[in-house]
Amino acid sequence: MWDVIIAGAGPAGLVSATVLARSGRRVLLLDPQASGRHKIGESVPGAMARLLAKLGLPGFESPGSPHRRIGGIISLWAGELRTEDHLTTPEGGGWRLDRGAFEKELSESAALAGTIRMPARVARINRRNQSWQIETEGGDRLDAGFLIDATGRNAAIARRQGARQIHGPPLVAVWSMGRATRDVVSNRTFIESTADGWWYAAYLPDRRPLAIFHASPALATELRDHPKQWLERLRKTEHIATHMDPDAFYRTALKSNDARSSHLDQPCGPGWAACGDAALSFDPLSSQGIFNAMASADMISTAILQGTSMEDYSGSLDEIRAIYHKRRNLLYDSAGRYFASSFWTAFETSSPIVRET
Ligand SMILES: Cc1cc2nc3c(=O)[nH]c(=O)nc-3n(C[C@H](O)[C@H](O)[C@H](O)COP(=O)(O)OP(=O)(O)OC[C@H]3O[C@@H](n4cnc5c(N)ncnc54)[C@H](O)[C@@H]3O)c2cc1C
């Protein structure tokens, strides 16, 4: 019998495994994916240094670290060009992660703390006599006292427990990683809003350019079907194409991801809790996803260890969501007033969409 089984070995699952195993809990981490594979999402805020130190995890400044300092943001948002320097933010401009290496580092810390990891997907769960019986897709049967849902935006466990996922307006990220360049690469983040979506672009620590267009599902599908249109749009950007050569993306693979905000109406229940994107996920414009995944995992693991109320955890998530919504709405409203197109008006009337389980 495991004290805790955690489904999902992203930043949330890895941090909760580390915190719980360090305190002597028998922790099993289940994820069908191997650690170190590439995932989208790599910009983290300066406050991450403080969080890593609090969690006793390796920082980014060690010699040979694959992660790089972000030098600031240049944005062309709602027609206004702005440069934000890391000197103007109290905790620095943040880091651009080598995401695969970062999750491998977190995975090593979890293993060192005593976590056992199994390459498996949770298929079925059943609660009986205050404990969980879990069946993996491979047919393994496991028992646990507590179950953590760290399965990301899918919230696979929470939804099986009857929690409903509430989504913000639809938003799909259509992205490509270009060929690494030998030219001097910028350490800035580039943002640009357009009438029917917005761009994020940056150079990854290995010098590959990354460009992401965030659009409505209909436009995203069209762009996925016609990658030349995506490239043509990148070429036509007023600001990004002056910092990044669109030719570096010629005939590179185009991928897409759901990028909506979402949260659960119930992030925890008897013997289970969700953390990370499963509990609360953000628009990529916020660059808060990885930080929140790790911070919420720390919160729920500490609550389990201290035996404190799960309602406090739920309340903290509500507070984080309220602050996030305020900031996001300010940005989207300013672009909405400037472009007045259907993409932006969808965010104006953002009555949440409920997905039934
Ligand atoms: C386009 C885009 C750009 C982004 N950019 C940024 C950024 O720049 N900065 C930032 O901070 N965040 C960014 N994010 C968000 C960030 O990637 C997520 O917030 C973060 O990965 C959440 O971590 P997590 O551990 O909650 O979930 P995930 O990282 O999604 O991990 C979930 C894990 O659960 C596993 N899993 C799923 N189902 C099961 C199951 N049934 N059983 C077992 N395991 C399962 C999966 O294999 C996966 O490994 C971006 C997101 C998108 C879509």
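Here, every reference points to the structure presented above.
Because the structure is predicted, anything quoted here is derived from the model rather than measured.

Parameters and conventions
- Residues numbered from 1 in each chain as written.
- Predicted model: local features only at pLDDT ≥ 70, side-chain atom pairs only at ≥ 80, totals over all residues.
- Heavy atoms only, no water.
- Pairing = 2+ DSSP bridges.
- Helix = DSSP H or I, 4+ residues; strand = E, 2+ residues; numbered from the N terminus.
- Expected span 1.5 Å × (residues − 1).
- Contact = heavy atoms within 4.5 Å.
- Axes fitted to C-alpha atoms, helices over the stretch in contact; angles between N-to-C directions.
- Salt bridge = Lys/Arg side-chain N within 4 Å of Asp/Glu carboxyl O.
- Buried < 20%, exposed > 50% of the residue type's maximum accessible area, 1.4 Å probe, protein only.

### Some thoughts on the sheet that holds strand β7 (residues 95-96)
Okay, so step 1: Strand order in the open sheet formed by three strands is β3-β7-β4, and the pairing between neighbours is antiparallel. Taken across any chain shown, the strands that pair with only one partner, and hence form the sheet edges, are β3 (43-44) and β4 (68-69).

### Regarding helix α3 (residues 99-113)
Okay, so step 1: For α3, built from 15 residues, the straight-helix expectation of 21 Å at 1.5 Å per residue is met to within 8% by its first-to-last C-alpha distance of 21 Å.
Okay, so step 2: Along its buried surface, α3 packs onto α1 (11-22), α2 (48-54), β8 (116-118) and α7 (289-306).
Okay, so step 3: Where α3 terminates, the next one or two residues include Gly114, which has phi positive at roughly 115°.

### Things to note about the sheet that holds strand β14 (residues 189-194)
Okay, so step 1: Strands sit in the order β6-β5-β14-β15-β16-β13-β17 across an open sheet of seven strands; the sheet is mixed. What marks the edges here is a single partner per strand, and that holds for β6 (80-85) and β17 (255-258). On average, each strand axis in the sheet is tilted by 15° relative to the strand beside it, whichever way the strands run.
Okay, so step 2: Where strand β13 (residues 172-177) lies against β17, four bridges are found, and the strand directions are antiparallel. The residue of β17 that forms the bridge with Ala173 is Asn257.
Okay, so step 3: Taken strand by strand, helix α6 (residues 227-235) contacts β13, β15 (197-203) and β16 (209-215), and its axis lies near 105° from that of β16.
Okay, so step 4: Taken strand by strand, helix α8 (residues 310-339) contacts β5 (72-77), β14 and β15, and its axis lies near 35° from that of β5.

### Some words on the pattern of salt bridges
Okay, so step 1: The final tally for this structure, using the stated rule, is 16 salt bridges.
Okay, so step 2: For Arg208, the salt bridge is made with Asp206, and the minimal N-O distance between the two is 2.9 Å.
Okay, so step 3: A relative accessible area of 28% places Arg208 in the partly exposed class.
Okay, so step 4: When its relative accessible area of 39% is taken as the criterion, Asp206 is described as partly exposed.
Okay, so step 5: Each of Lys39, Arg99 and Glu103 takes part in one network of salt bridges that share partners.

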